Amino acid sequence: MKLRPGVMSFVVFAASLGTLPSSAHGLQDVPTIDSQAETLAIAQKNAPINSAVRLQEHLQSLSPDSPLRYFSVPARQRFVASLRFNEAGVTTLRYQDIVEELSYSEAYRVLALFGVTRVLATLPPLRSETLDDERIRTLKGPPFHDDHYNYACTGPHTCSRSSQDICMTGC
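These remarks concern the structure in this document. (Residues numbered from 1 in each chain as written. Predicted model: local features only at pLDDT ≥ 70, side-chain atom pairs only at ≥ 80, totals over all residues. Heavy atoms only, no water.)

Concerning the environment of Thr154
Residue placement: Thr154 occurs in strand S3 (residues 148-155). For Thr154, the residues in contact, after removing those within four places along its chain, are Cys159 and Ser160. Among the polar contacts listed, one links the side chain of Thr154 to the side chain of Ser160, at a separation of 2.8 Å. (Helix = DSSP H or I, 4+ residues; strand = E, 2+ residues; numbered from the N terminus. Contact = heavy atoms within 4.5 Å. Polar contact = N/O pair within 3.5 Å; in protein donor to acceptor, adjacent residues only side chain to side chain.)

What about the sheet that holds strand S2 (residues 89-94)?
An order of S1-S2-S4-S3 is seen for the four strands of this open sheet, with the pairing classed as antiparallel. At either margin of the open sheet sits one strand with a lone partner, and together these are strand S1 (84-86) and S3. Looking at each pair of strands side by side, their axes are set apart by 35° on average, direction ignored. Sheet analysis places S1 next to S2, joined by three bridges and oriented antiparallel. Its bridge partner being in S2, Phe85 is matched across the sheet by Val90. Of the strands in this sheet, S1 and S2 are in contact with helix H4 (residues 73-82), which crosses S2 at around 135°. (Pairing = 2+ DSSP bridges. Axes fitted to C-alpha atoms, helices over the stretch in contact; angles between N-to-C directions.)

Below, the structure is given as structure tokens:
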């Protein structure tokens with residue numbers, strides 16, 4: 001049986017959590033996920049937009065319900081221009097326009113496109129106008145220190161000082 005990559009990733013993830021026996025889908029000796037960094041890397045790599053190609057596809061067919069539409073046109077252009085990718089997914093993003101224009105729930109939806117909702121907890125305060133905003137504002141996740149604020153990914157495993165950027169895990 002051939003599985004699509006997204007389905008296969010879910011099966012591997014579920015098997016690693018003990019939800020499915022790895023032999024149930026012909027997977028043998030699947031290593032367990034034993035670190036927060038690995039879990040976050042899986043989310044990032046399997047995000048709806050995890051490459052420059054997928055970003056361009058999303059922008060070409062920018063639907064009315066795309067979270068990127070929460071930005072003003074100039075802010076969306078700056079945000080999109082700031083995005084850098086490698087095989088791990090997004091490696092750099094500029095957060096200034098998120099902070100200046102979006103509420104917590106809007107920012108969450110934008111960051112979910114790239115599998116990096118984790119950065120929301122460490123951004124400066126955003127607008128909070130709804131119950132969803134408040135719930136997202138108060139989400140507590142384990143601290144994660146492998147993303148570097150005010151740095152950009154400038155090469156493999158190289159973060160360089162860059163105001164208002166985030167150099168992501170996987171750079």
